[in-house]
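# A closer look at the structure
The primary structure of each chain is shown beneath.
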Amino acid sequence: MKSLIGTLLIIFISSALKSQTLEDARRLTLNEQYEAASTAFKSLVSKFPVKGDYWYYYGENCLKADEVDSAMTLFNLGIKNDPENLLNFVGLGKALKTSGKLTEASAQFDKALAMGKGKNVDVLVKVAESDIATEPKNLERAFKLLQEAEKKEARSSRIQILTGDAFLENNDGSSAIKYYEKAQEYDPKSPQAALRLGQLWMRARNYQGKDGSKGALEYYQEAIAIDPSYAPGYRELGELYAKAQRYQEAKENYQKYLELSKGNTGARIRYASFLYVTKEYNEALAEINSIWQIDTTRNLLNRLAAYSSYELKNYEDGLKYIENFFSRQPEEKILPTDYAYYGKLLSETGNDSLAIEKLKIAIEKDSTETDLLSDIAALFSKMKKFDQAIGMYQRKAELQKATTNDYYRMGQAYYQLQEFGKADTAFMKVTEIQPKLLVGYLWRARSNSNLDPDTKEGLAKPFYEEVVIKGEEDTLKYQKELMEAYKYLGFYYYLTKDYENARINWEKVRAIDPKDQQALDALKDMKGK
């Protein structure tokens, strides 16, 4: 019996160790199952504390999960327990670089490279990986290190993928493709090269192949066919379908991604971001609140909550979230859109002056966001600072980004300042861009009426005539506008003693409102004329 128990115990221990190999743990990291990977690595380092590789890949898993402090601790433990293993010096360099400690990071990389003497392929590859992936990038060194690594590890899929990454970062997609295809050739069973090719074509906006060629969709599907448990493939498919506005398929793939990545916090944050992008704002907030139940450290969630709350018109909540976000976010990591949403939320909660400040910062940081100029102008108009509003609209017009509505609002601002000639010029742009739009002619008529207060020159006449032509296509909708036009034309024709046309227009007024006193008085006055 003791012999049987001993045999079973040996089998059990062997089975447990097999389930916790380094490759198994690294595979969990690859599938973005960071929490499960941490459990596996923790078991490995507790059993084999002197194996430096275990500490390194444990730390790398933490880095990928954005747990930089934990990663730094693990790399230091790796150096302490296995000082001859150079990977942990590289890992420490990565963690320091991620934290913005560039001088210290560089010292760790240099130490690892010097001690490796160009012979340690893992060191060459991992330093190159950091040079490619983490700011500030050093592509020149990355290429040199990868060339050295390839001399020692021929036909290496990982080296080909990293070289492709370096070329892609260097905006050389054609060369990147060649290296990703080499990686596929060297390791047909790895889904990573197919994923990279899909991401490359996604970047090139080749979403789906044609005439036998492959696009992003086909490469993502290929990655999943190679390994149906490869979580990143489903994530990328989800984002591809979202871009194509195939939201149900996008959601299905993202949910598969969450299932495979075991709902790790990073994956759930990605999913919340996805829900925001697909305009599922209520669901995004529900996911965010669910994450907050277990982790309140991720500031990105405050950003997403603020954006989603704004879109749902929950402005007070949105302002609270954006203020929390700004209080915790380093200045260099604040995006132009953060300032834009901050400004919009401030505006909606009654702080227009501060809103303008934030919106101005947003446009300074990203001059392509010209719609913010319209938002700023609208706030100036609301504050009756019409000259400053006009300045914003003019700036947008100079950039050739002004819309019909911009010219209309500019005209309104000039009108408020009683600069009727300039108002007319702005409204003229409205009629040029959208000649079928009645409102442009109406405001040209009003502007010209003010330029000709005695109606002696009839400056407003051609524009009111246009109002009549367009308004009579839908007399119910444009009743007020037609009344205004008929009254002007009736008065103009009366002044020019064209009583027949004057009578026709005043009768049209009376047809709309039989009790209109002006029409009754005008028709009575013209009796016998």
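Definitions and cut-offs
- Residues numbered from 1 in each chain as written.
- Predicted model: local features only at pLDDT ≥ 70, side-chain atom pairs only at ≥ 80, totals over all residues.
- Heavy atoms only, no water.
- Helix = DSSP H or I, 4+ residues; strand = E, 2+ residues; numbered from the N terminus.
- Buried < 20%, exposed > 50% of the residue type's maximum accessible area, 1.4 Å probe, protein only.
- Arc of directions from axis to C-beta.
- Contact = heavy atoms within 4.5 Å.
- Polar contact = N/O pair within 3.5 Å; in protein donor to acceptor, adjacent residues only side chain to side chain.
- Core = buried A, V, L, I, M, F, W, Y, C linked by side-chain atoms within 4.5 Å.
- Axes fitted to C-alpha atoms, helices over the stretch in contact; angles between N-to-C directions.
- Parallel < 35°, antiparallel > 145°, perpendicular 65-115°, else oblique.
- Left-handed = near helix turned anticlockwise from the far one by under 90°.
- Salt bridge = Lys/Arg side-chain N within 4 Å of Asp/Glu carboxyl O.
- Phe/Tyr/Trp six-rings, centres within 6.5 Å; stacked < 30°, edge-to-face > 60°.

## Here's the deal with the environment of Q400
- Tracing the chain through its elements places Q400 in the loop between α23 (386-398) and α24 (404-416).
- Each C-alpha atom, one on Q400 and one on T370, is 9.9 Å from the other, the two residues being 30 residues apart in sequence.

## Quick notes on helix α30 (residues 517-525)
- Inspection of α30 places A519, A522 and L523 among the buried residues, and these make up the whole buried set. Summarising the axial view, the buried residues of α30 lie within an arc of 95°, below the 170-degree limit, and thus occupy one face.
- Those residues of α30 that are buried are in contact with α29 (499-512).
- The opening residue of α30, the one whose side-chain oxygen lies 3.2 Å from the backbone nitrogen of Q518, is D516.

## Comments concerning the nonpolar core
- Within the largest apolar cluster, 58 residues are counted, with the highest numbers of intra-cluster contacts made by F41, F75, V123, V127, I132 and Y180.
- Once you skip the residues sitting within four places of it in the chain, Y180 turns out to touch I161, G164, D165, L168, A193, R196, L197 and L200.
- I269, L301, A305 and A389 belong to the second largest nonpolar core, which has 56 residues in total.

## Overview of the packing of helix α5 (residues 68-81) against helix α6 (residues 87-98)
- At a minimum axis separation of 9 Å, α5 and α6 run at an interaxial angle of 155°. Judged by the inter-axis angle, α5 sits roughly antiparallel to α6. The handedness of the crossing between α5 and α6 comes out as left-handed. Residues V68, M72, L74, F75, N76, G78 and I79 of α5 lie in contact with α6, whose contacting residues are N88, F89, G91, L92, A95, L96 and T98.

## A look at the pattern of salt bridges
- Scanning the model with the defined rule gives 40 salt bridges in all.
- One salt bridge in this structure joins D338 and R303, with 2.8 Å as the shortest N-O distance. In this pair, D338 is assigned in helix α20 (residues 336-348) and R303 in helix α18 (residues 300-311), connecting sequence segments 35 residues apart. Residues D338 and R303 agree in their burial class; the two are buried.
- Ionic pairing is found between K508 and E472, a salt bridge with its closest N-O pair at 3.4 Å. Here K508 is found in helix α29, whereas its partner E472 is found in the loop between α27 (461-471) and α28 (479-495), with 36 residues between them in sequence.

## Quick notes on the packing of aromatic side chains
- Following the criterion strictly, the structure yields 26 aromatic pairs and no others.
- Measuring from ring centre to ring centre gives 5.9 Å for Y271 and F274, while their planes differ by 20°; the resulting arrangement is stacked. Of the two residues, Y271 and F274 both sit in helix α16 (residues 265-277), three residues apart, roughly one turn of that helix. With respect to burial, Y271 and F274 carry one shared label: buried.
- Clustering of aromatic rings is evident, with ring pairs tying together Y276, Y281, Y307, Y310, Y315 and Y341.

## Some points on the packing of helix α9 (residues 139-152) against helix α10 (residues 157-169)
- Packing of α9 against α10 leaves a shortest axis separation of 10 Å and a crossing angle of 160°. On the basis of their axis angle, the class for α9 and α10 is roughly antiparallel. Two packed elements cross with a definite hand, and for α9 against α10 that hand is left-handed. Along its contact with α9, which presents L139, F143, L146, A149 and E150, the element α10 presents I159, Q160, L162, T163, A166, F167 and E169.

## Here's the deal with unusual backbone geometry
- The linkage connecting E135 with the following residue, P136, adopts the cis geometry, with an omega of -10°.
- On the secondary structure map, P136 appears in the loop between α8 (121-133) and α9.
- For N171, which is not glycine, the phi dihedral falls at a positive 60°.
- Along the polypeptide, N171 turns up in the loop between α10 and α11 (173-186).
- Here R205, not a glycine, exhibits a phi torsion of approximately 60°, which is positive.

Any functional reading would require information beyond the geometric quantities listed.
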